[in-house]
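What follows is the residue order along each chain.
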Amino acid sequence: MQTEAEPNPPHNLDMITLNTNYTLTWDWDQSSVGSDPVTFTVQYTGNHQLKKKTPRWNTACRETTGRSCDLTGFNLHYLGLYMLRVQANVNGSHSVWEYKQFCPDKEAAIGPPSKVRLSAAVGALDIVITDPQTSSNSSMKEHLLKLSFQILYWEQSEDGKVLNLKTFITESNMPTLSNLTPWTQYCVRVQSYYEYYNKTSSFTPPQCIQTEGVVPWWKIFLYFLSSLLLCFLVVLVFLYGGHQCFQFCKATLFPGEKLPSPLKQHEIDYPCLLVSDSELDLCDPVIIYAESAILENNVDPAADSAGPPVGLGQDSSGRHSRQNSSSSGDSGVYSAGGNSGALQHNIASTFPDVKRHFDSEQLKMLSMKSDFKVCPVIPDDGVVDMEV
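Residues numbered from 1 in each chain as written. Predicted model: local features only at pLDDT ≥ 70, side-chain atom pairs only at ≥ 80, totals over all residues. Heavy atoms only, no water.

- Within an unreviewed UniProt entry, the label attached to the protein chain reads Fibronectin type-III domain-containing protein, and the organism entered is Ataeniobius toweri.

Written out as structure tokens, the structure is:
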């Protein structure tokens, strides 16, 4: 019989469990002791220890002020059978023990799969199910060898209605839903199921995915053209950007100037004599031939000053015509029209100086060019520079 000094014992002992997580809860009437503080002690032992004269009790919670005690960390065997007890303590007085028997395999709830992944296929869905996890993050199949999964799936219409609700049970972690309608939205929920004690978990949140089908040939062709167009646009943008960058660098590094061209390095700088437009009108067009032709016709200046060449009269000097490049066998330099006799004499007398200003390669290149004007100017030193 309970004395007046003894507090009331806890009541309504219950276990809150999930997989291998165990928590013992209880109720207690605080009004029986007024405002005095109260604590509780929780102990457990294996059911086989009760057959001994002095069973060995293990303390899980000592003088706790709460109304619960977590037994997860004590590694209670999932297939074991245990006896739990709770006692109230008020001002040094202890209540009688309140007992509860606990079998995890029979009473512990199982949790839903820890993860579910869907993968669409042609007219099918591949499901990957991850087992429920224990408190040590291992699979619950280590304790429940016959753990299976119940899969609930249905078609999801565009307005959110559930169509063709179906279910099936499997022990596989990678089941496949086949014979589905291609290009259709399907939703899936999964729960854990233990047939021996008919234990089921809650369902996982619904996951929806659209099944695949055979891709039409016109879509493949359209995708191909789109990829080609995209590649072309990328290359075009790259080239345009490179051109703009080049122009910017050119304007920044060479403002108002042209970049040096590598072709200009191979051009020949011909000697030039700058004349005005009025002087250029006084010049007669002449033809310059190869150096060999000039050397053959080059005569002594003293002989030239004595008079015109034999066989050439005054009348013949006015009939000199322009020779083309095909008459390379005829030598000499001939002027066309006007007062050409004296001009011819001056030009012929200055060919040795011309040779000094034009090397053989320049004369060869000039011989291949079309007609151009030469205006001889005799400076004070008597040396004639010929401007082309």
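Past the structure itself, the notes keep going.
1. Quick notes on the overall build of the protein chain
Step number 1: Summing up its helical and strand segments, the protein chain has nine helices and 18 strands in all.
Step number 2: The proportion of buried residues among the 388 residues of the protein chain is 32%.
Step number 3: A separation threshold of at least 6 residues defines the contact pool for the protein chain, and within that pool the share at least 24 residues apart is 63%.
Step number 4: Split by element, the accessible area of the protein chain, about 24800 Å² in all, is 56% carbon and sulfur. (Helix = DSSP H or I, 4+ residues; strand = E, 2+ residues; numbered from the N terminus. Buried < 20%, exposed > 50% of the residue type's maximum accessible area, 1.4 Å probe, protein only. Contact = heavy atoms within 4.5 Å. Areas by Shrake-Rupley, 256 points an atom, 1.4 Å probe, with all protein chains shown as cover.)

2. Remarks on the nonpolar core
Taken as a class, soluble globular proteins show a tendency for nonpolar side chains to be buried jointly.
Step number 1: Core analysis: the biggest nonpolar cluster contains 29 residues, and Tyr 22, Leu 24, Trp 26, Val 42 and Leu 71 have the highest contact counts within it.
Step number 2: For this core, the secondary structure elements donating two or more residues are β1 (11-18), β2 (21-27), β3 (38-46), β4 (58-64) and β6 (82-90).
Step number 3: What Tyr 22 contacts, discounting residues up to four positions off in sequence, is Met 15, Ile 16, Thr 17, Cys 69, Asp 70, Leu 71, Thr 72, Leu 76, Tyr 78, Phe 102, Pro 104 and Ala 108.
Step number 4: Judged by nonpolar contacts, the second largest core, of 14 residues, contains Leu 118, Ala 120, Tyr 153 and Tyr 186. (Core = buried A, V, L, I, M, F, W, Y, C linked by side-chain atoms within 4.5 Å.)

3. Focus: the environment of Gln 30
Step number 1: Relative to the helices and strands, Gln 30 resides in the loop between β2 and β3.
Step number 2: Take Gln 30: its relative accessible area is 27%, and that puts it in the partly exposed class.
Step number 3: Looking at Gln 30, its side chain comes within polar contact range of the main-chain oxygen of Asp 36, at 3.1 Å. (Polar contact = N/O pair within 3.5 Å; in protein donor to acceptor, adjacent residues only side chain to side chain.)

4. A closer look at the UniProt feature "transmembrane region" (unreviewed entry) in the protein chain
Step number 1: Per the UniProt record, "transmembrane region" (unreviewed entry) is found at residues 220-240.
Step number 2: Overall, residues 220-240 shows 100% helix and 0% strand. The separation of its end C-alpha atoms is 30 Å. (UniProt positions renumbered as here; feature names shortened; annotations may be inferred.)

5. Quick look at the state of the cysteines
Step number 1: Inspection of the entire model under this criterion finds two disulfides.
Step number 2: Disulfide pairing places Cys 61 opposite Cys 69 at an S-S distance of 1.8 Å. In this structure the cystine formed by Cys 61 and Cys 69 twists about its S-S bond by roughly 90 degrees; its chirality is therefore right-handed. Summarising the burial analysis for this pair, Cys 61 and Cys 69 share the class buried.
Step number 3: Not part of a disulfide, Cys 245 finds its nearest cysteine sulfur in Cys 249, a span of 4.2 Å.
Step number 4: Judged by its relative accessible area of 42%, Cys 245 is partly exposed. (Disulfide = S-S within 2.5 Å.)

6. A short note on the pattern of salt bridges
Step number 1: Going through the model one piece at a time under the given rule, you end up with two salt bridges.
Step number 2: With its nearest N and O atoms 4.0 Å apart, the salt bridge here joins Lys 141 to Asp 131. Of this pair, Lys 141 sits in the loop between β10 (124-130) and β11 (147-156) while Asp 131 sits in the loop between β10 and β11; the two residues are 10 residues apart in sequence, bridging distant segments of the chain.
Step number 3: A relative accessible area of 12% places Asp 131 in the buried class.
Step number 4: Ionic pairing is found between Asp 159 and Lys 161, a salt bridge with its closest N-O pair at 4.0 Å.
Step number 5: In this structure Lys 161 comes out as exposed when scored by relative accessible area, which is 53%. (Salt bridge = Lys/Arg side-chain N within 4 Å of Asp/Glu carboxyl O.)

7. Describing the side chain of Asp 105
Step number 1: Locating Asp 105 in the fold gives a position in helix α1 (residues 104-107).
Step number 2: Lacking a salt bridge, the buried Asp 105 has Lys 199 as its closest oppositely charged neighbour, with an N-O distance of 4.9 Å.
Step number 3: When sequence neighbours within four positions are dropped, the list of residues in contact with Asp 105 reads Tyr 78, Leu 79, Leu 144, Tyr 194, Tyr 197 and Lys 199. (Lys, Arg positive; Asp, Glu negative; His and termini not counted.)

8. A word on the sheet that holds strand β13 (residues 176-177)
Step number 1: Read across the open sheet, the three strands follow the order β9-β10-β13; overall the sheet is antiparallel. Where the open sheet ends on each side, the last strands, each with one partner, are β9 (115-121) and β13.
Step number 2: Summarising the sheet, β10 and β13 pair through two bridges and their orientation is antiparallel. Paired with Leu 125 across the bridge in β13 is Leu 177. (Pairing = 2+ DSSP bridges.)

9. A short note on a nonpolar patch on the surface
Step number 1: Among the surface-exposed residues, Trp 183, Val 215, Trp 217, Trp 218, Ile 220, Phe 221, Leu 222, Tyr 223, Phe 224, Leu 225 and Leu 228 lie close enough to one another that they form a single nonpolar patch of about 1200 Å² accessible area.
Step number 2: Looking at the secondary structure, you find Phe 224 in helix α2 (residues 217-253). (Patch = residues over 30% accessible without salt bridge, like charges linked within 9 Å, V, L, I, M, F, W, Y side chains within 5 Å.)

10. Structural notes on the sheet that holds β1
Step number 1: Strands sit in the order β1-β2-β5 across an open sheet of three strands; the sheet is antiparallel. In the strand order of this sheet, the two ends are held by β1 and β5 (68-70), each with one partner. Between one strand axis and the next, the sheet turns through 15 degrees on average, direction left out of account.
Step number 2: Direction of pairing for β1 relative to β2: antiparallel, over a ladder of six bridges. Each residue of the ladder has a partner; that of Leu 18, found in β2, is Asn 21. (Axes fitted to C-alpha atoms, helices over the stretch in contact; angles between N-to-C directions.)

11. Some points on the packing of aromatic side chains
Step number 1: Counted according to the given criterion, the structure contains nine aromatic pairs.
Step number 2: Measuring from centroid to centroid gives 6.3 Å for Tyr 194 and Tyr 197, while their planes differ by 55 degrees, and the two rings are tilted.
Step number 3: Take Tyr 197: its relative accessible area is 30%, and that puts it in the partly exposed class.
Step number 4: One cation-aromatic arrangement involves Arg 85 over Trp 97; the distance from NZ or CZ to the ring centre is 4.0 Å. (Phe/Tyr/Trp six-rings, centres within 6.5 Å; stacked < 30°, edge-to-face > 60°. Lys NZ or Arg CZ within 6 Å of the ring centre and 35° of its normal.)

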